[in-house]
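This is what each chain is made of:
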2 protein chains.
Amino acid sequence: MTTPTTPPDAGRRELTVALLGGGTVGSQVARLLHESADDLAARAGAPLRLVGVGVRDTVRPREGIDQDLLTDDIEGLAASGADVVVEVLGGIEPARSLILAAMAAGSSIVTANKALLAEDGATLHAAAEKHGVDLYYEASVAGAIPLLRPLRDSLAGDKVRRVLGIVNGTTNFILSAMDENGADYADVLAEAQALGYAEADPTADVEGYDAAQKAAILAGLAFHTKIPLGSVYREGITGVTRAQVEAAIAAGYVIKLLAICERIERSSEGEAGVSVRVYPALVPARHPLAAVHGAYNAVFVEAAAAGDLMFYGAGAGGVETASAVLGDLVSVARRHVAGGPGLIESTHAALPVLPVGRAITRYQVTLEVIDRPGVLARVARVISRAGVSVEAMRQSASEARRPGGEEAGPATATLVIETHTAAESALASIVRALTGDEVVLSVTSVLRVEGS
Amino acid sequence: MTTPTTPPDAGRRELTVALLGGGTVGSQVARLLHESADDLAARAGAPLRLVGVGVRDTVRPREGIDQDLLTDDIEGLAASGADVVVEVLGGIEPARSLILAAMAAGSSIVTANKALLAEDGATLHAAAEKHGVDLYYEASVAGAIPLLRPLRDSLAGDKVRRVLGIVNGTTNFILSAMDENGADYADVLAEAQALGYAEADPTADVEGYDAAQKAAILAGLAFHTKIPLGSVYREGITGVTRAQVEAAIAAGYVIKLLAICERIERSSEGEAGVSVRVYPALVPARHPLAAVHGAYNAVFVEAAAAGDLMFYGAGAGGVETASAVLGDLVSVARRHVAGGPGLIESTHAALPVLPVGRAITRYQVTLEVIDRPGVLARVARVISRAGVSVEAMRQSASEARRPGGEEAGPATATLVIETHTAAESALASIVRALTGDEVVLSVTSVLRVEGS
């Protein structure tokens, strides 16, 4: 193992790489490092030599990894001073301690660890700056789709206004299937589990926790601001019904679980800041995000000068994630070959993250109401009293039948209301007022409209 | 003006920028440099100071540019040793000489000049390497869409198999309008000219010259190979008829002008290399590229590990191009602040560019034939004799009427043939054979099918 120098010398003969983790992603990284060695050396400016793979079990053979490289001394490998340490263990600990030890030993870091970056990216960035090493994490969001580098570098001279992302393949697979086959959530989830698109315990995906981590990372890059994970508002898709999906189609929308990162120049309370939120939303059928089907991911970016941009691709998977890791590895290697200290992440903007109540968007609210004259006007009055204007209202005789009985209750109607833009807090007060109103039997659906 | 050092010192107080050109793009670059000065300084790590704008006419006021910065000594400004020289003049000369003089004076270069890069990128890259300066040119292809950086950096550890690009906004606007409104090419071109989407002399766009330049740049990056512009095969859209567009829709396709960069592992003649070509092609309606409407651009990338990726956005325009220029400027500035020599473009692969005859794709050929028994079999025989297999054949009674007459000729039929993949050279021999055949009245359309 070569002894590292900081900053590294130009023109060095080879660069050493230590790989922490030998699972799905790690074994693909090892395979590609081996198979593409000549290409990588040419692109990086020096050969990349894998010096060790840290795993818990060194006895089990792993496809694509030379058995001699396996070691269970993961801590020793992390702190060995390799030029680059690649962390693909996942989770908060021991990944964080290992990365910090590696940085202290002068190693640059390439990681795919979205949980750690979302939870404690600030600590990692500070340590990278302190030790003058690189920290790259393209693989942490949307697999191989180049996102972090475009946001950090290509749009560095622009001002990002909004990022709308489909960043979780499992939920997009489920919502696409509900949209295309008119199926129920539970049935599609079971199918996704059978196909391996959803975990046995799907909570992290379907409740939006995974998307929230990615939203925090994306917002941090887009707005040059540290985004605490706890400040990300989150709703999952478990409450999305077939009726909502059908109503969306009829109204010219599709339902997508979106990670939304938005710069707010002036909130409902007059503050400037950013809003970061994850929820199922209505997206117009002609919007480019509406055409993102199955387990694919896409991120739509609205920038002041660049206009609308979209990045699309396979969201996850071992080999796709490994591609992103190798891209980072080559970038770090080139910088080591060229010399000079690592590039520092900028979080200079330090914008406040506003609570979701300050976010401003459009809403579609669906009500079951008693079907009698004056109901429409009454509902409209409740909405206007909250300072919100109605863009469209559609009433139709309700087809709902009471379970198990033919007995006729009062005649009911379904009322679909689309509002102009309003603050989340105004929406909440409207829903409260409607829920308690005597003509409203139930509020059956509240969805935001995004991307219009 | 500060005196530059090469490599530049770390921790410098400010970075100087010289701007060559004060037109549509240049004035937007100057405006954004001024308006976003604080943001840019924070992201770059040092303030960026515009030291001069080289223009031919210094008297005419230019919006967004301080009159005192204007100079008509463009050569002097280029060679003044600014940290970064931004070239937005366009064209081959004097842009090339100015860039080479700037590099010799130790300046890094940011340019939007696709013509120069496509025509003589090799000279620029060699000079950048010689002088240890940076050469960035994101703005040269697809406006603000981050493409070059993802291809060069994010996919550096991957293997790009194919790039399919809609890289010319004018032609996509025209083809989209023909597709959506069933209009004729000439009418839509006139409309595009009236709206400012097409030039008075539209040749560079509609004949595919602009797309061919971008294809050469994209292929160079994707395959780490120098691509001579003369090796790019090119057909424009002037021959695309309303009948072809309607037939495409009926068969589940749309017609797009594509820039195609393809790695060929084994051509029809057994060689390995790359194929770079521009022509109107049939794209399946469900392909993500089919949903790219109007003047938007998009580039679809197929990589071995990353899978399918797409980059989408506004293709051109002064402010979009300026956004890309500023992104490059910040990257270069960061590298100057960090110290170390410029990063070198890799052209290590040096793959041969194969002639278009070696490209392998699918075809749709439309014929007017005499409507009599045995014609289908006869045409099928001509095709199979060339070693090509037919995927589908559809025959329909022809609706064509002879101009000006009611006089009935022989009964005719329209025959649409879709082939399996075959070499371009085989297609050419089929078209020759069919054209001379006694049952074939005319070959009315030959289109490649891509993206399936």
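Residues numbered from 1 in each chain as written. Chains lettered and ligands numbered in written order. Predicted model: local features only at pLDDT ≥ 70, side-chain atom pairs only at ≥ 80, totals over all residues. Heavy atoms only, no water.

Description of the overall build of chain A
Part 1: The helix and strand inventory of chain A stands at 14 helices and 17 strands.
Part 2: The C-alpha radius of gyration of chain A comes to 25 Å, within 12% of the 22 Å expected for a compact globule of 452 residues.
Part 3: Relative to its 452 residues, chain A shows a buried fraction of 58%.
Part 4: The long-range fraction of contacts in chain A, counting pairs at least 24 apart against all pairs at least 6 apart in sequence, stands at 75%.
Part 5: Summed over all atoms, the accessible surface of chain A reaches about 17300 Å², with 50% contributed by carbon and sulfur.
Part 6: One finds the centroid of the 38 positive side-chain charges in chain A at a distance of 6 Å from the centroid of its 54 negative side-chain charges. (Helix = DSSP H or I, 4+ residues; strand = E, 2+ residues; numbered from the N terminus. Rg over C-alpha atoms; globule rule 2.2 N^0.38 Å. Buried < 20%, exposed > 50% of the residue type's maximum accessible area, 1.4 Å probe, protein only. Contact = heavy atoms within 4.5 Å. Areas by Shrake-Rupley, 256 points an atom, 1.4 Å probe, with all protein chains shown as cover. Lys, Arg positive; Asp, Glu negative; His and termini not counted. Charge placed at Lys NZ, Arg CZ, Asp CG, Glu CD.)

Some points on the confidence of the model for chain A
Residues and elements named next belong to chain A.
Part 1: For chain A, per-residue confidence averages 88 on the pLDDT scale, and 92% of positions sit at 70 or higher.
Part 2: Taken as a whole, residues 1-11 scores under 50 in pLDDT and shows 24 contacts with residues more than four places along the chain or in a different chain.
Part 3: For residues 400-405, every residue scores under 50 in pLDDT, and the model assigns this stretch 1 contact once sequence neighbours within four places are set aside.
Part 4: This prediction of the complex comes with two scores: 0.85 for pTM and 0.81 for ipTM. (pLDDT = per-residue confidence, 0-100.)

Side note on the relation of the copies chain A and chain B
Part 1: Note on the identical chains: chain A maps onto chain B by a rotation of 180° and an axial translation of 0.0 Å, with an RMSD of 0.0 Å. Taken together, the rotation and translation relating the two chain copies correspond to the operation of a two-fold axis.
Part 2: When you check the interface residues of chain A against chain B, 100% turn up at the interface there too, and the contact is symmetric in its surfaces. (Least-squares fit on C-alpha atoms with pLDDT ≥ 70 in both.)

Section: the packing of helix α1 (residues 24-35) of chain B against helix α12 (residues 318-338) of chain B
Residues and elements named next belong to chain B.
Part 1: Two elements in contact, α1 and α12, have axes whose closest approach is 8 Å; the angle formed by their N-to-C orientations is 55°. In terms of orientation, α1 lies oblique with respect to α12. Of the two elements, α1 crosses α12, and the hand of that crossing is right-handed. Contacts between α1 and α12 involve T24, V25, Q28, V29, R31, L32 and L33 on the former and, on the latter, G318, V319, T321, A322, S323, V325, L326 and L329. (Axes fitted to C-alpha atoms, helices over the stretch in contact; angles between N-to-C directions. Parallel < 35°, antiparallel > 145°, perpendicular 65-115°, else oblique. Left-handed = near helix turned anticlockwise from the far one by under 90°.)

Points about the interface of chain A and chain B
Part 1: Taken together, the contact between chain A and chain B spans 47 residues of the former and 47 residues of the latter.
Part 2: The contact between chain A and chain B buries some 4100 Å² in all, and 57% of this surface belongs to carbon and sulfur atoms.
Part 3: At the junction of chain A with chain B, the criterion picks out 0 salt bridges.
Part 4: Of all elements in the fold, only α2 (37-44), α6 (148-154), β11 (296-303), β12 (307-314) and α12 (318-338) of chain A reach the threshold of two or more residues within the side of chain A that touches chain B. (Buried area = accessible area lost by both parts, 1.4 Å probe. Salt bridge = Lys/Arg side-chain N within 4 Å of Asp/Glu carboxyl O.)

Some remarks on the sheet that holds strand β4 (residues 84-87) of chain B
Residue and element names in this part refer to chain B.
Part 1: Pairing is parallel in the open sheet, where 6 strands are placed in the order β3-β2-β1-β4-β5-β6. Two strands in the sheet have a free side with no partner beyond their single neighbour: β3 (70-71) and β6 (135-136).
Part 2: One ladder, built from 2 bridges, connects strand β2 (residues 48-54) with β3; its direction is parallel. Bridged to G54 within β3 is T71.
Part 3: Packing against the sheet, helix α4 (residues 95-104) makes contact with β1 (15-20), β4, β5 (108-111) and β6, and its axis sits at approximately 150° to β5.
Part 4: α12 rests against β1, β2, β4, β5 and β6 of the sheet, and its axis sits at about 170° to β5. (Pairing = 2+ DSSP bridges.)

Some points on the pairing of strand β7 (residues 160-166) of chain B
All names here are of chain B.
Part 1: Buried residues dominate β7, accounting for 6 of its 7 residues.
Part 2: Alignment of β7 against strand β9 (residues 253-264), held across 4 bridges, turns out to be antiparallel. Paired with G165 across the two strands is A259, which belongs to β9.

Brief notes about the environment of G196(B)
Residues and elements named next belong to chain B.
Part 1: Here G196 shows up in the loop between α8 (185-195) and α9 (203-206).
Part 2: The exposure class assigned to G196 is exposed, which follows from its relative accessible area of 58%.
Part 3: Separated by 168 residues in sequence, G196 and Q364 have C-alpha atoms that sit 33 Å apart.

Details of the packing of aromatic side chains
Part 1: Taken as a whole and assessed by the stated rule, the structure comprises 7 aromatic pairs over all chains.
Part 2: Aromatic pair Y296(A) and Y312(A): ring centres 5.0 Å apart, planes at 5°, arrangement stacked. Here the residue Y296(A) occupies a position in strand β11, and Y312(A) occupies one in strand β12, the gap between them amounting to 16 residues.
Part 3: The exposure class assigned to Y312(A) is buried, which follows from its relative accessible area of 8%.
Part 4: Between R234(B) and the ring centre of Y209(B), over which it is positioned, the NZ or CZ distance is 4.0 Å. (Phe/Tyr/Trp six-rings, centres within 6.5 Å; stacked < 30°, edge-to-face > 60°. Lys NZ or Arg CZ within 6 Å of the ring centre and 35° of its normal.)

A short note on the sheet that holds strand β2 (residues 48-54) of chain A
Residues and elements named next belong to chain A.
Part 1: Within the open sheet, the 6 strands sit side by side as β3-β2-β1-β4-β5-β6. Their pairing is parallel. Two strands bound the open sheet, and with one partner strand each, they are β3 (70-71) and β6 (135-136).
Part 2: Relative to β6, strand β5 (residues 108-111) runs parallel, the two sharing 2 bridges. Bridge assignment links I109 to a residue of β6, and that residue is L135.
Part 3: Against the sheet, helix α1 (residues 24-35) makes contact with β1 (15-20) and β2, and its axis sits at roughly 155° relative to β1, the strand it touches most.

Remarks on the pattern of salt bridges
Residue and element names in this part refer to chain B.
Part 1: Counted according to the given criterion, the structure contains 43 salt bridges over all chains.
Part 2: The partner of D120 in a salt bridge is R96, with the nearest N and O atoms 2.6 Å apart. On the criterion of sequence distance, the pair formed by D120 in helix α5 (residues 114-131) and R96 in helix α4 is long-range, its members being 24 residues apart.
Part 3: Assessed through its relative accessible area of 16%, D120 is described here as buried.

Some points on the packing of helix α7 (residues 169-181) of chain B against α8(B)
Residue and element names in this part refer to chain B.
Part 1: Relative to each other, α7 and α8 sit at 130°, their axes nearing to 9 Å. Put simply, α7 runs oblique to α8. Relative to α8, α7 is oriented so that their crossing is right-handed. Seen from α7, the contacting residues are F173, I174, A177 and M178; seen from α8, they are Y185, V188, L189, E191, A192 and L195.

A look at unusual backbone geometry
Residues and elements named next belong to chain A.
Part 1: Residue E93 is joined to P94 through a cis peptide bond whose omega torsion reads 5°.
Part 2: In this structure, A142 takes a positive phi of about 60° despite not being glycine.
Part 3: Topologically, A142 is positioned in the loop between β6 and α6.
Part 4: We note that H224 has phi near 55°; this positive angle belongs to a residue other than glycine.
Part 5: Residue position: H224 is located in the loop between α10 (209-223) and β8 (233-234).
Part 6: Relative accessible area serves as the criterion here: at 3%, H224 is assigned to the buried category.

Digging into the side chain of T366(A)
Part 1: Positionally, T366(A) belongs in strand β13 (residues 360-370).
Part 2: Assessed through its relative accessible area of 10%, T366(A) is described here as buried.

Thoughts on the environment of K130(A)
All names here are of chain A.
Part 1: Within the element layout of this structure, K130 appears in helix α5 (residues 114-131).
Part 2: Given a relative accessible area of 68%, K130 falls into the exposed group.
Part 3: Measuring from C-alpha to C-alpha, the distance between K130 and A104 comes to 8.8 Å, with 26 residues separating the pair along the chain.

Considering a negative patch on the surface
Part 1: On the surface, D57(A), D72(A), D73(A) and E75(A) cluster together into a patch of negative charge.
Part 2: Note on placement: D57(A) falls in the loop between β2 and β3. (Patch = residues over 30% accessible without salt bridge, like charges linked within 9 Å, V, L, I, M, F, W, Y side chains within 5 Å.)

Remarks on the pairing of β2(B)
Every other side chain in a regular strand lies on the same face of the sheet, so the side chains alternate between the two faces.
Residue and element names in this part refer to chain B.
Part 1: Burial runs high along β2: 6 of the 7 residues are buried.
Part 2: Relative to β2, β1 runs parallel, the two sharing 6 bridges. Counted as the bridge partner of A18 is G52 from β2.

Things to note about α2(A)
Part 1: Among all positions in α2(A), only L40(A), A41(A), R43(A) and A44(A) are buried.
Part 2: Phi turns positive one or two residues past the end of α2(A), at G45(A), with a value near 95°.

Some words on α1(A)
Part 1: Compared with the 16 Å implied by 1.5 Å per residue over 12 residues, the 17 Å span of α1(A) between its first and last C-alpha is a close match.
Part 2: By the burial criterion, the buried members of α1(A) are V25(A), G26(A), S27(A), V29(A), A30(A), L32(A) and L33(A). (Expected span 1.5 Å × (residues − 1).)

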